[in-house]
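Report on the structure
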Amino acid sequence: MKMFIPIVLLWALSFPTFATDLPSRIDISYAVKTGIGSGKLTETMKIEQDNGTNQYHITSEARPSGIIKLIKPGRILRNSWGSITKLGLQPTRFSDQRNDKQPSVAIFDWKNSLLNLQHENYEEKKPLPDGTLDRLSFSYNFMFSPPLRESTINAHITDGRSLELVRYAVDK
C-alpha cells in the first residue's frame with residue numbers, strides 16, 4: 001500500500017517508450033506514514049539517450065522524520081540502472097543500502113538469464129525470469145510499459161536479497 005500513490009502518480013504521467021521527447025530528469029518527493037513512524041522520500045530518475053538507446057538511473061533516498069528519527073536515525077539509499085525498452089524498464093543493476101551497512105546488490109544478466117544476488121558477503125545466482133524488476137524500477141515501469149489490460153499484475157521483483165513473485169489486483 002505504501003507504493004500505491006507513487007505508482008498511480010507515475011502511471012498517470014505515463015508516456016510511450018518510443019516517444020522521442022523523453023524528459024531527461026524526473027524528481028519526486030513524498031512523505032510516508034506507517035505504524036512505526038514517518039519519513040520523507042526523495043527520488044530522481046535520469047534518462048540518457050545514447051546511440052538510439054535510452055538508459056535510466058533512478059536514485060531513491062528515504063530518511064525518517066519525527067520521533068522515529070530519534071529512535072532509528074539513518075537513511076535508506078536505493079539505486080537502479082538499466083535500459084528503457086518497448087516493453088518497459090529492464091534493470092541491469094540494483095543496490096539497497098541501509099545506513100552504513102554494505103549494500104544488497106542485484107546484477108541482472110539478461111543474456112544468460114541469470115540474477116546475481118549479493119547480500120552480507122553471501123552471493124547467489126538464480127534463474128532470471130523475463131520482465132524481472134527491482135523494487136525501485138517497479139514503481140517507474142508503468143511510465144514506459146504498454147497500457148495495462150489485465151485485472152492483475154504479476155511481477156518478479158528483487159530487493160538484492162531475494163527474488164519474489166508478487167501479485168497486485170488492478171481496480172478501476
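So, here is what we can say about the structure in this document. (Residues numbered from 1 in each chain as written. Predicted model: local features only at pLDDT ≥ 70, side-chain atom pairs only at ≥ 80, totals over all residues. Heavy atoms only, no water.)

1. Points about unusual backbone geometry
In this structure, Asn99 is a non-glycine residue whose phi angle is positive, near 55 degrees. Within the secondary structure, Asn99 sits in the loop between strand E5 (88-98) and strand E6 (104-109). Notably, Glu120 is not glycine yet its phi reads approximately 50 degrees, a positive angle. Relative to the assigned elements, Glu120 resides in the loop between strand E7 (114-119) and strand E8 (122-127). (Helix = DSSP H or I, 4+ residues; strand = E, 2+ residues; numbered from the N terminus.)

2. Considerations on the sheet that holds strand E10 (residues 152-158)
Across the sheet, which stays open at both edges, the three strands sit in the order E9-E10-E11 with mixed pairing between neighbours. At either end of the open sheet lies a strand with only one pairing partner, and these are strand E9 (133-134) and strand E11 (163-169). Judged from the seven bridges that link them, E10 and E11 form a sheet pairing that is antiparallel. When the sheet's bridge partners are listed, Ile153 is paired in E11 with Tyr168. (Pairing = 2+ DSSP bridges.)

3. Considering the packing of aromatic side chains
Enumeration over the complete set of coordinates arrives at three aromatic pairs. A ring pair is formed by Phe108 and Trp110, whose centres lie 5.9 Å apart and whose planes are at 15 degrees; its orientation type is stacked. Taken individually, Phe108 and Trp110 each receive the classification buried, so the pair is uniform in this respect. Ring centres of Phe138 and Tyr168 lie 5.4 Å apart, and the angle between their planes is 20 degrees; on these two criteria the pair is classed as stacked. Here Tyr168 lies in strand E11 and Phe138 lies in helix H3 (residues 135-141), a separation of 30 residues in the sequence. Exposure remark for Phe138: the relative accessible area of 5% places this residue in the buried category. Residue classification places Tyr168 among the partly exposed residues on the basis of a relative accessible area of 37%. By the ring-pair criterion, three or more aromatic residues cluster together here, those being Phe138, Phe142 and Tyr168. (Phe/Tyr/Trp six-rings, centres within 6.5 Å; stacked < 30°, edge-to-face > 60°. Buried < 20%, exposed > 50% of the residue type's maximum accessible area, 1.4 Å probe, protein only.)

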